Amino acid sequence: MDDLEQQLRNALAHVEQPPTLEAKVFAALARARSTSRPSRFVFWRFEAAAVAAMLLLAAVSWAGHEREIRERAAGEAAKARLQLALKITVTELSKIQQTVRTSSEQE
Amino acid sequence: MRPAVPVAPYCSLEMLTEAKAEPQAKTACKPVSEIAFAEALRANQSMVFSLAYHFLRDRGAAEEVAQDVFMQLYRKLDELASPRHVVFWLRKTTSHRCIDYARRRGAQSTIALEETREPSAAQQRGDPLLNRRLRQLLATLAEKPRMVMILRYQEDLTPDEIAELLEMPVRTVKSHLHRSLAILREKIERSIGDIR
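An account of the accompanying structure is given in this report.

Definitions and cut-offs
- Residues numbered from 1 in each chain as written.
- Chains lettered and ligands numbered in written order.
- Predicted model: local features only at pLDDT ≥ 70, side-chain atom pairs only at ≥ 80, totals over all residues.
- Helix = DSSP H or I, 4+ residues; strand = E, 2+ residues; numbered from the N terminus.
- Buried ≥ 20, exposed ≤ 12 C-beta atoms within 10 Å, placed from the backbone.
- Contact = placed C-beta atoms within 7 Å.
- Nonpolar A, V, L, I, M, F, W, Y, C, P; charged D, E, K, R; others polar.
- Axes fitted to C-alpha atoms, helices over the stretch in contact; angles between N-to-C directions.
- Parallel < 35°, antiparallel > 145°, perpendicular 65-115°, else oblique.
- Left-handed = near helix turned anticlockwise from the far one by under 90°.
- Expected span 1.5 Å × (residues − 1).

Focus on the overall build of chain B
Step number 1: Within chain B one finds 8 helices and 0 strands.
Step number 2: Of the regular secondary structure in chain B, the N- to C-terminal order runs α-α-α-α-α-α-α-α.
Step number 3: Going through the 196 residues of chain B one by one, you find that 32% of them count as buried.
Step number 4: Taking the contacts inside chain B whose residues are at least 6 apart along the sequence as the reference set, 60% of them involve residues at least 24 apart.

See below:
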């Protein structure tokens with residue numbers, strides 16, 4: 001071993017690690033553990049959000065269905081009114097025709 | 001091989017992180033895997049940090065690499081049979097991490113070598129100015145030869161051991177050592193000549 005090799009050994013002696021290294025490693029491990037395992041509270045929150053979303057979806061579809069039934073009923077009522085009006089008109093026209101025919105026969 | 005650092009009693013990670021609030025909690029419980037991890041960390045942190053620091057010449061980067069390596073060790077510890085395996089694995093992983101880190105950092109050298117603050121060595125031997133100059137010259141070598149030199153002269157590893165760690169042929173390791181020593185010798189003689 002020559003002089004340079006000995007000098008290199010001296011130059012590359014172990015240095016002291018930062019005093020915070022150990023604490024940082026343990027803190028990082030604790031963080032990694034807490035993020036990899038979701039807490040029960042987080043799980044409950046997720047479940048509650050899912051239930052709320054399902055309820056909202058059901059309410060929206062129910063409201064749509066109700067609106068469709070109402071619109072159909074209104075359409076049926078309008079159709080019935082129109083049919084009644086046509087019937088009245090036909091009856092009135094028949095009466096007028098009858099009257100006209102009677103008067104023309106008398107003349 | 002350097003002597004292991006004496007080990008203090010350990011407890012769980014949560015308790016260690018909360019130990020500031022309740023110092024007496026430190027002695028309460030001792031899960032086996034965490035004791036082994038804490039022992040490995042305490043015994044090897046100086047070696048891992050020194051490898052990274054001598055290679056990267058940047059205290060923050062060396063601390064970051066050391067932290068990553070120990071995080072990886074925590075996940076891997078069950079597969080490592082003995083403290084010798086742990087040391088081998090730590091040297092190997094740190095070497096590869098450092099080389100990757102330096103390559104990622106690439107040409108954009110973050111700090112000038114002259115400006116780096118030197119951490120205190122456990123026992124400073126030899127001429128401090130010459131030591132500093134040698135470390136600076138070492139930093140000018142390419143990544144693989146630099147790591148070969150650090151493993152040889154920091155960790156006292158043989159060319160065979162270095163070859164196994166860095167997964168390269170032994171003759172390549174010997175060639176890196178031979179050429180790097182020649183380069184350093186020439187540069188150091190030139191800089192001494194400049195001083196005269």
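Considerations on the overall build of chain A
Step number 1: Along the backbone of chain A there are 3 helices and 0 strands.
Step number 2: Listing each helix as α and each strand as β along chain A from the N terminus yields α-α-α.
Step number 3: Within chain A, buried positions represent 9% of all 107 residues.

Section: the interface of chain B and chain A
Step number 1: Listed as interface residues are 37 residues of chain B and, on the opposing side, 24 residues of chain A.
Step number 2: Where the side of chain B that touches chain A is concerned, the elements lending two or more residues are α1 (13–17), α2 (32–56), α3 (59–76), α5 (128–138), α6 (143–153) and α8 (170–195) of chain B.
Step number 3: Ranked by residue count, the leading element in the side of chain B that touches chain A is α2(B), at 9 residues.
Step number 4: Among the residues forming the side of chain B that touches chain A, the class breakdown is 19 nonpolar, 11 polar and 7 charged.

Notes on the packing of α6(B) against helix α7 (residues 159–166) of chain B
All names here are of chain B.
Step number 1: Interhelical geometry of α6 versus α7 gives an angle of 130° and a closest axis separation of 10 Å. When the interaxial angle is binned, α6 and α7 end up oblique. You can see that α6 and α7 cross each other, and the crossing is right-handed. Contact with α6, carried on its side by Lys-144, Met-147, Val-148, Leu-151 and Arg-152, involves Ile-162, Leu-165 and Leu-166 of α7 and no other residues of that element.
Step number 2: Across the contact of α6 with α7, the residue classes break down as 6 nonpolar, no polar and 2 charged.

Regarding α3(B)
Because the α-helix completes a turn every 3.6 residues, residues three or four places apart line up on one side.
Step number 1: Between its first and last C-alpha atoms α3(B) spans 25 Å; for 18 residues at 1.5 Å apiece the expected length is 26 Å, and the two agree.
Step number 2: Every buried residue of α3(B) is accounted for by Ala62(B), Glu63(B), Val65(B), Ala66(B), Gln67(B), Val69(B), Phe70(B), Leu73(B) and Tyr74(B).

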